[in-house]
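Examination of the molecular architecture
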Amino acid sequence: MKKQYPITTRALSRALSRALSTTSTSTSTSQQSTFPLKHVTKHNFDSALSELRRHVAAADFVAIDLEMSGVTSAPWRESFEFDRSDVRYLKVKDSAEKFAVVQFGVCPFRWDSSKLSFIAHPHNFYVFPRQEVPIDGPSYEFLWQTTSIEFLAKYHLNLGQENEALRRLSMAYEDGLSDTWCKLKEVRDIPLNRMADVLFTERIKNRFSEWRDGLLRDRNGGFQLQWNSNDSKQQFQTVFFKMRPALSLTGFTSHQFRLIHLVINKHFKDLSYVHVNGDNFCSQQLVVYTESKDDKDLLMKEVKDENCRVAEMKIQTAIGFRHVIDLLSSEQKLIVGHNCFLDIAHVYSKFVGPLPSTAEEFVSSVNKYFPHIVDTKILLNSNYVLQQRMKKSRTSLSSAFALLCPQIAISSKSTGLAFQQCVQVEVQVDDLRSSNWNSGAKHEAGYDAFMTGCIFAQACSHLGIDFKLHSPSENLAHNEKLSKNINHLYLSWNNGDIIDLSTGNKVAESLGTNYLKKKFSNILFENIVLIWGFPSKIKAREIRECISKVFGLTSLTSVYHLDETAVFVQFSKAEFVSDFLVLKETLEKSDGPISVLHPLAKLLEGGNTRAANYETYKEICSSPISKVLFSDQAEAVGINWKTKVVEPKIAVERQEHVSFGKENAVNNSTKSAEMSEQGKVHNVKKDMLRDNYKIIDSLYAAGVNQIRTNNL
């Protein structure tokens, strides 16, 4: 089925209606499975969190799983085998920033030595995005992928649950809110350029003078002042604030409040303008009378303390589900996921702060919050024993669960496994413990987290970890039979790239995805040219033919489509990259008939064909913009040149890249060597252009002869 990408508001409305009606129909015709699962919304969150704290503290490991509103914002942002590690991270970053988490599954597993089984506590948290705090500022926006809506609806995710969803304030946003709400607002001087502002400030000054003079004449208070220009609305009212007489101000614009603040600061030493944050996210503007400078300082301190107290209360309410993330981080339990690099990126983006711009920064920061993570997909692909148990089957979550845990996945049709001994798992929700149930709802985050934990427990058993000898004080993350796989995650499953979160280094894998590495081992990024904007009728085969006629039949190793508007072309030699780019630029500058007869004319037809080296691809991927077509993306990013020429390399030294930081490293040479190299480059370019003009001349001559022959 063709994948669909983020949709407009109207299309989203139609898709949601269709998905919701599908969900309603499905649940009415077939009763949901009876797998015991703790569903958590804002109504039962506090009690569920209290229980979860006890379960996590006693757990041997905690499995997690996330359900998102989508994965890729455009076809060209899919994971390709031509994606370098740093580019792959940029695509994961884009996905985590643009899409939302709608469910978060958390399932602590504790070994019960008396029962000789694990006790699992599956929780399904609804974290549909909401406005975290009702304050000024842009609302949270995210994308829905239509295929994700239909997929989640198919598996009975209640898309109408957003009103029950939990808040989830991130750590970075929390720090910013605390500073904003606790700090007393300073007002800068505003030039009174408009006559309306001049008249307003004069009237306000007179009103405050009249009110203060009235206080001094009558210390008993109770004096009220109406705004004469608006009799229906009382904008001034005398009240008491912190045991001091004050004027409560209502019905003014934010600009007028700033003007009032300026008037008080400039003309009244015994009056103070204060902004007080209320308990229900409402604020109050007051002008307070003070007896002396000391009394004024005391008042401002009291206001600041009160604002900080209210801010802390609001923040704790707004944090919501992030309390769960803080719990997992503080307990430092072993976190178990399945192919979970994107999940971890979402956790960081939604609950910690903005994702770093590079993979090195990301893995370093993640490791501080979650020092022990294991990926069950890594386990299944890196151990010969587990590969034999899986019988080289697919390592998707549901497949692995059915094959490794048949006694748990009793609804699975997989039978005939060669092994009998399986790790036993019981499920406990509230006070109900069960070892018999129907299969749960796949792709519901809580149940998927449960499946992930069961796979991990079974994998540990096959690796030789005997839980009967397991001590509650033993940390599984430090078990020597697991240590080589701890903190190893697939950065890209497509080409088998593995990243070590504890070091930032890429890791070589001995088993599992070796076939992927063999398949893509000949990808040389310095040999790649990115071409886009060519005529839509041209296919990869025709592009190969055009270029091969100029550079030779063996000059290309592959041509790969990113989408219908862009291709990767990999040359057999790195110097062909600059040769091609220079030739393209030369042909585009030529207005004569020679360029029409050239083999590349078909590729350059229309005058919109762009070309550059691999680094331009990385630049385009790093943009937060996401257009559906790559050619539109490049234009939106601001690339308006046709060809980005790079200097040809005389010699290319291939290095094994052991870390992301080294992946794009280029050795610096001395100044004299650079001058010598530039001379060589100039000569190479001259030779290359001369050779290509020979080709053009011969083609032109052949074309003229053909014309003469046709006229005879």
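Above this text you will find the structure in question.
Overview of the structure. (Residues numbered from 1 in each chain as written. Predicted model: local features only at pLDDT ≥ 70, side-chain atom pairs only at ≥ 80, totals over all residues. Heavy atoms only, no water.)

**Side note on the packing of helix α10 (residues 341-351) against helix α11 (residues 359-369)**
Interaxial distance between α10 and α11 falls to 11 Å at its minimum, and their mutual angle equals 75°. With respect to α11, the axis of α10 lies roughly perpendicular. Contacts between α10 and α11 pair F341, I344, A345 and Y348 from the former with F362, S365, V366 and Y369 from the latter. Considering only residue class, the contact of α10 with α11 consists of seven nonpolar, one polar and no charged. (Axes fitted to C-alpha atoms, helices over the stretch in contact; angles between N-to-C directions. Helix = DSSP H or I, 4+ residues; strand = E, 2+ residues; numbered from the N terminus. Parallel < 35°, antiparallel > 145°, perpendicular 65-115°, else oblique. Contact = heavy atoms within 4.5 Å. Nonpolar A, V, L, I, M, F, W, Y, C, P; charged D, E, K, R; others polar.)

**A closer look at a nonpolar patch on the surface**
On the surface, a cluster of nonpolar side chains totalling about 340 Å² of accessible area is made up of L192, M195, V198 and L199. Within the secondary structure layout, L192 lies in the loop between α5 (171-182) and α6 (195-217). For L192, a relative accessible area of 39% translates into the label partly exposed. (Patch = residues over 30% accessible without salt bridge, like charges linked within 9 Å, V, L, I, M, F, W, Y side chains within 5 Å. Areas by Shrake-Rupley, 256 points an atom, 1.4 Å probe, with all protein chains shown as cover. Salt bridge = Lys/Arg side-chain N within 4 Å of Asp/Glu carboxyl O. Buried < 20%, exposed > 50% of the residue type's maximum accessible area, 1.4 Å probe, protein only.)

**Here we look at the sheet that holds strand β8 (residues 271-277)**
If you walk across this open sheet you meet the four strands as β6-β7-β9-β8, and the pairing is antiparallel. The open sheet has two free edges, formed respectively by β6 (236-241) and β8, since each of these has just one partner strand. On average, adjacent strands in this sheet sit at an angle of 35° to one another, irrespective of strand direction. Strand direction decides the pairing type here: strand β7 (residues 244-249) and strand β9 (residues 283-289), joined by four bridges, are antiparallel. Along β9, the bridge assignment pairs A246 with V288. Contacting β7, β8 and β9, helix α7 (residues 254-267) crosses the sheet at an angle of about 145° to β8. (Pairing = 2+ DSSP bridges.)

**So, the packing of aromatic side chains**
Throughout the structure, instances matching the rule amount to 43 aromatic pairs. Between the aromatic rings of F104 and F351, the centroid separation amounts to 6.1 Å while the plane-to-plane angle is 70°, which identifies the pairing as edge-to-face. On the criterion of sequence distance, the pair formed by F104 in strand β3 (residues 101-112) and F351 in helix α10 is long-range, its members being 247 residues apart. Judged by its relative accessible area of 1%, F104 falls in the buried class. F351 sits in the buried class, given a relative accessible area of 0%. Every member of this aromatic cluster is reached through a ring pair, and the members are W76, F80, F82, F525, W532, Y560, F568, Y614, Y617, F630 and W641. For the cation-ring pair, R84 lies above F525, with the distance from its terminal atom to the ring centre recorded as 5.8 Å. (Phe/Tyr/Trp six-rings, centres within 6.5 Å; stacked < 30°, edge-to-face > 60°. Lys NZ or Arg CZ within 6 Å of the ring centre and 35° of its normal.)

**Quick look at the nonpolar core**
By size, the foremost hydrophobic cluster in this structure holds 45 residues, and its most contacted members are F104, F125, F362 and I373. Elements that contribute at least two residues to this core include exactly α2 (45-58), β2 (61-68), α3 (85-98), β3, α9 (322-331), α10, α11 and β14 (488-492). With seven residues, the top contributor of residues to this core is α10. If sequence neighbours within four positions are ignored, F362 has contacts with Y89, F341, I344, A345, Y348, L355 and P356. (Core = buried A, V, L, I, M, F, W, Y, C linked by side-chain atoms within 4.5 Å.)

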